[in-house]
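# Understanding the architecture of this molecule
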Amino acid sequence: MNYPQTLEWLFSQLPMYQRVGKAAYKANLDNTILLDNHLGNPHHSFQTIHVAGTNGKGSTCHMIASVLQEAGYKVGLYTSPHLKDFRERIRINGEVVAQDFVVEFVAAHQDFFKDNQLSFFEMTVGMAFQYFKHEKVDIAIIETGLGGRLDSTNIITPLVSVITSIDKDHVAMLGNTLLKIAGEKAGIIKAKTPVVVGERRSMLRKRFRESAIQKNAPYHQVNHRLKVLPSDLKGSYQKDNARTAITALNVLKENTQFEFTQEQLEKGLLHVVKNSGLRGRYELLQREPRVIAETAHNPAGIKTLVKQLGNETYNQLHIVLGMVADKDVSQVLSLLPSNALYHISKPDVPRGMDVEVLATFFDENKLNYKKYTSVNTALEEAKKLAHKDDLIVVTGSVFVVAEVI
């Protein structure tokens, strides 16, 4: 198979949570361990930092990776989902995994994948770990795909575990209360391994502290009163992520041989996009009218986005919005500004919510909207309608943003 055929097989052969939902979520790590043994336990060949959380974990991973790159290390980065190309999930010093490696890895192990009915997540984690071993990275920053306790990445023993913030998302798999979700995220806390927690609420911090005590894991709470260093990642919410990343890096420095200077820390936070390739986080795509892409997709993310929009100056707000079918649309719409003009469409993935279904929620909330056949059409029409001092925000799903950047 060539690269496009390999991707087609990866995406269509097996269920994948990002595309089809709950069917791709497995309730144990048996297959991950089976694959890891088959590959010769590649994750034993490099050090790791493990990051979980409902919101902020991707940005936090990229910040940590960027600083360690500035410090001269060869840094692996495993994140999900991707925006444009599958290979964005697996990077070394910002460079995506080579197409040839993806093709050769799948070709070499395809029979094993089929025989053991491995999920997309399991195969991708195995690929990432094999690539990081093959390329001899000094350290890899590993983001959980879903939850923590049963996530395919949770076979590693990291130098530091990091939990960003908790909110309700993926409740079908992770539980319908914040404490249940926190319990799943706490599953990445390992024995005698420092854990850094960015969550602000005392009830949830208490839950993480209890898990840390049980595991004899040193517990580090992020101090959100700290004056934060500037970053090229815009959006006021990135301040919390930066504080979490800095705390994790300082814990790493205090407990291991990894080192960095204050200058490297500052440069790393200022060059996250250039160093690590992160996109779609309150990203300015165009001026006059301004177009901002933001991957917020759950109530907590939307709430943070709306707070950020309160700092902006504009004449009329246009919001290009699409969502996936398992999200709490009613709650999201209740948080969004009622005076915006909405341009709605279905994201181009099987899980995308049909625009007619989405429209019923807009009717219920008495919001001003227009329907479109594609996200790009919605954006183009919004641009035509907007004056140069208006603001257009593209949001609601990673998949919506992926279609416009």
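First, a word on scope: everything that follows refers to the structure included in this document.

## Overview of the overall build of the chain
- Scanning the chain for helices and strands turns up 17 helices and 14 strands.
- Here the chain has a C-alpha radius of gyration of 21 Å; the compact-globule value for 405 residues is 22 Å, and the two agree.
- Residue burial in the chain is summarised as follows: out of 405 residues, 59% are buried.
- If you sum the accessible surface of the chain, you get close to 16900 Å²; carbon and sulfur atoms cover 48% of it.
- Considering the chain, the positive charge centre built from 48 side chains and the negative charge centre built from 43 side chains are found 6 Å apart.

## Describing the environment of Y3
- Note that Y3 resides in helix 1 (residues 3-13).
- Judged by relative accessible area, Y3 falls into the buried class, the value being 10%.
- The contact partners of Y3, leaving out residues within four places of it in the chain, are D85, F86, R87, Q99, V102 and V103.
- Side chain to side chain, Y3 and D85 meet in a polar contact 2.7 Å long.

## Let's talk about the environment of N116
- Note that N116 resides in the loop between helix 5 (99-115) and helix 6 (120-134).
- Sequence separation between N116 and L35 is 81 residues, and the spatial gap between their C-alpha atoms is 8.9 Å.

## Brief notes about the sheet that holds strand 12 (residues 341-344)
- Ordered in space as 9-10-14-11-12-13, the 6 strands form an open sheet in which the pairing is mixed. The open sheet terminates on both sides in strands that have one partner only, identified here as strand 9 (283-286) and strand 13 (369-371). Geometrically, the sheet is characterised by an average inter-axis angle of 25 degrees between neighbouring strands, direction not taken into account.
- Relative to strand 10 (residues 290-293), strand 9 runs antiparallel, the two being bridged by 3 bridges. Of the residues in strand 10, the one forming a bridge with E283 is A293.
- Sheet strands in contact with helix 15 (residues 355-364) are strand 11 (317-321), strand 12 and strand 13, and its direction is about 170 degrees off that of strand 13.

## Points about the pairing of strand 2 (residues 75-78)
- The two faces of strand 2 match: V75 and L77 on one face and G76 and Y78 on the other face are all buried.
- Relative to strand 5 (residues 139-143), strand 2 runs parallel, the two sharing 4 bridges. Paired with V75 across the two strands is I139, which belongs to strand 5.
- Where strand 2 lies against strand 3 (residues 90-92), 3 bridges are found, and the strand directions are antiparallel. The partner of L77 across the bridge, within strand 3, is R91.

## So, the packing of aromatic side chains
- Counted under the stated rule, the structure contains 13 aromatic pairs.
- Look at F105 and F113: their rings are 5.8 Å apart centre to centre, the planes differ by 45 degrees, and that puts the pair in the tilted class.
- Since its relative accessible area comes to 4%, F105 is described here as buried.
- The ring of Y3 is capped by R87, whose NZ or CZ atom sits 5.6 Å from the centre of that ring.

## Side note on the pattern of salt bridges
- Per the counting criterion, the structure on display carries 15 salt bridges.
- Note that D167 and R201 form a salt bridge whose closest N and O atoms lie 3.9 Å from each other. Of this pair, D167 sits in the loop between strand 6 (160-163) and helix 7 (171-174) while R201 sits in the loop between strand 7 (195-197) and helix 9 (202-214), and the two are 34 residues apart along the sequence.
- Owing to a relative accessible area of 33%, R201 belongs among the partly exposed residues under this scheme.

## Some remarks on helix 4 (residues 57-70)
- The end-to-end C-alpha distance of helix 4 is 20 Å, a good match for the 20 Å that 14 residues give at a rise of 1.5 Å each.
- Most of helix 4 is tucked away, with 14 of its 14 residues classed as buried.
- One or two residues past the end of helix 4 sits G72, with phi positive at roughly 95 degrees.

## Focus on the sheet that holds strand 2
- If you trace the 8 strands from one edge of the open sheet to the other, you get 4-3-2-5-1-6-7-8, paired in mixed fashion. Unpaired on one side and paired on the other, strand 4 (95-96) and strand 8 (219-221) mark the two borders of the sheet.
- In the packing of helix 4 onto the sheet, the strands contacted are strand 1 (47-52), strand 2, strand 3 and strand 5, and the crossing angle to strand 5 comes to about 170 degrees.
- Here helix 6 sits on the sheet in contact with strand 2, strand 3, strand 4 and strand 5, set at roughly 15 degrees to strand 3.

## Some remarks on the packing of helix 3 (residues 30-38) against helix 5
- Interaxial distance between helix 3 and helix 5 falls to 12 Å at its minimum, and their mutual angle equals 145 degrees. In the crossing of helix 3 with helix 5, the sense of the turn from one axis to the other is right-handed. Residues L34, L35 and H38 of helix 3 form the contact with helix 5, whose participating residues are H109, F112 and F113.
- Of the residues belonging to the contact of helix 3 with helix 5, the class tally is 4 nonpolar, 2 polar and no charged.

Calculation criteria
Residues numbered from 1 in each chain as written. Predicted model: local features only at pLDDT ≥ 70, side-chain atom pairs only at ≥ 80, totals over all residues. Heavy atoms only, no water. Helix = DSSP H or I, 4+ residues; strand = E, 2+ residues; numbered from the N terminus. Rg over C-alpha atoms; globule rule 2.2 N^0.38 Å. Buried < 20%, exposed > 50% of the residue type's maximum accessible area, 1.4 Å probe, protein only. Areas by Shrake-Rupley, 256 points an atom, 1.4 Å probe, with all protein chains shown as cover. Lys, Arg positive; Asp, Glu negative; His and termini not counted. Charge placed at Lys NZ, Arg CZ, Asp CG, Glu CD. Contact = heavy atoms within 4.5 Å. Polar contact = N/O pair within 3.5 Å; in protein donor to acceptor, adjacent residues only side chain to side chain. Pairing = 2+ DSSP bridges. Axes fitted to C-alpha atoms, helices over the stretch in contact; angles between N-to-C directions. Phe/Tyr/Trp six-rings, centres within 6.5 Å; stacked < 30°, edge-to-face > 60°. Lys NZ or Arg CZ within 6 Å of the ring centre and 35° of its normal. Salt bridge = Lys/Arg side-chain N within 4 Å of Asp/Glu carboxyl O. Expected span 1.5 Å × (residues − 1). Left-handed = near helix turned anticlockwise from the far one by under 90°. Nonpolar A, V, L, I, M, F, W, Y, C, P; charged D, E, K, R; others polar.

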